[in-house]
Amino acid sequence: MTTTGPQMPPPTPMTPPTDAGAIPPRKTTWPMVLGIIAIILGSLATLRGCMSIGSSAMFGLFASAMPEEQAEMMEATKAFAPLIMISSGLTMAIAIVLLIGGIGLTKRNPRSPKTCKIWAGLKMVLVVYSSIVTFLSTQAQMEAMQRMLEEDPNTAAAMPGFFGTLMAIIGPVILVFAIVWGWALPIFMLIWFSRRKIKAEVAQWGQPASALG
């Protein structure tokens, strides 16, 4: 008769971990980053537009205090004051649209991309308008300054047609650069929110977690 030691229980098979549900997708960071950028730029543009409206409204007071020899240059500037005020008002209004869109992006509001695309379209039109107004206003001031110099015998011979030539050379370059620079962010917004991957992610914003799983 053989004796055996204590029997060890058979090893318990390893059981796989219980599936507690689908793992939620990892949140992307671009809505917060792009939203903060939009909030900052929208706030600065709103403040700039408000200040520009105030300075345009007070332009008449400063113009009356300018020396008489600079009156022609002031008149050239004053002629564009209404157009500049319109540009400032539109800048402030459109900047508020960007501000609203930026706040919506930080909260992952599904309507915020559409708001940003609306801003982008309006901004591109405004950039062209404001750049042309600034170009024409600067050109008028340069021409007035050139006439003022030509009336002075000390400078007439030294700088013949200087400001006219300068504006003819660098004016169009500055105008094109202002438009391209002003279009940079709007074009980026339009391209970014037109991507299929971004559209798919935005379509999930605001949906309950059960629908995403």
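Residues numbered from 1 in each chain as written. Predicted model: local features only at pLDDT ≥ 70, side-chain atom pairs only at ≥ 80, totals over all residues. Heavy atoms only, no water.

K.L.:
Looking at this structure, how should I read the environment of valine 127?
P.N.:
Inspection of the secondary structure assignment puts valine 127 in helix H5 (residues 112–151). Sequence separation between valine 127 and isoleucine 179 is 52 residues, and the spatial gap between their C-alpha atoms is 6.0 Å. Excluding residues within four positions of it along the chain, valine 127 makes contact with Ala178, Ile179, Gly182 and Trp183. (Helix = DSSP H or I, 4+ residues; strand = E, 2+ residues; numbered from the N terminus. Contact = heavy atoms within 4.5 Å.)

K.L.:
Is there a simple way to explain the packing of aromatic side chains in this structure?
P.N.:
How two aromatic rings sit relative to each other is set out by the distance from centre to centre and by the angle between their planes. Under the counting rule described, the total for this entry stands at 5 aromatic pairs. An angle of 65 degrees between the planes, with centres 6.0 Å apart, marks the rings of tryptophan 30 and phenylalanine 193 as edge-to-face. With a gap of 163 residues between them, tryptophan 30 in helix H1 (residues 30–57) and phenylalanine 193 in the loop between helix H7 (162–192) and helix H8 (196–204) connect regions that are remote in the sequence. With a relative accessible area of 12%, tryptophan 30 lands in the buried category. Here the guanidinium or amino end of arginine 195 rests over the ring plane of tryptophan 192, the centre of that ring lying 4.8 Å away. (Phe/Tyr/Trp six-rings, centres within 6.5 Å; stacked < 30°, edge-to-face > 60°. Buried < 20%, exposed > 50% of the residue type's maximum accessible area, 1.4 Å probe, protein only. Lys NZ or Arg CZ within 6 Å of the ring centre and 35° of its normal.)

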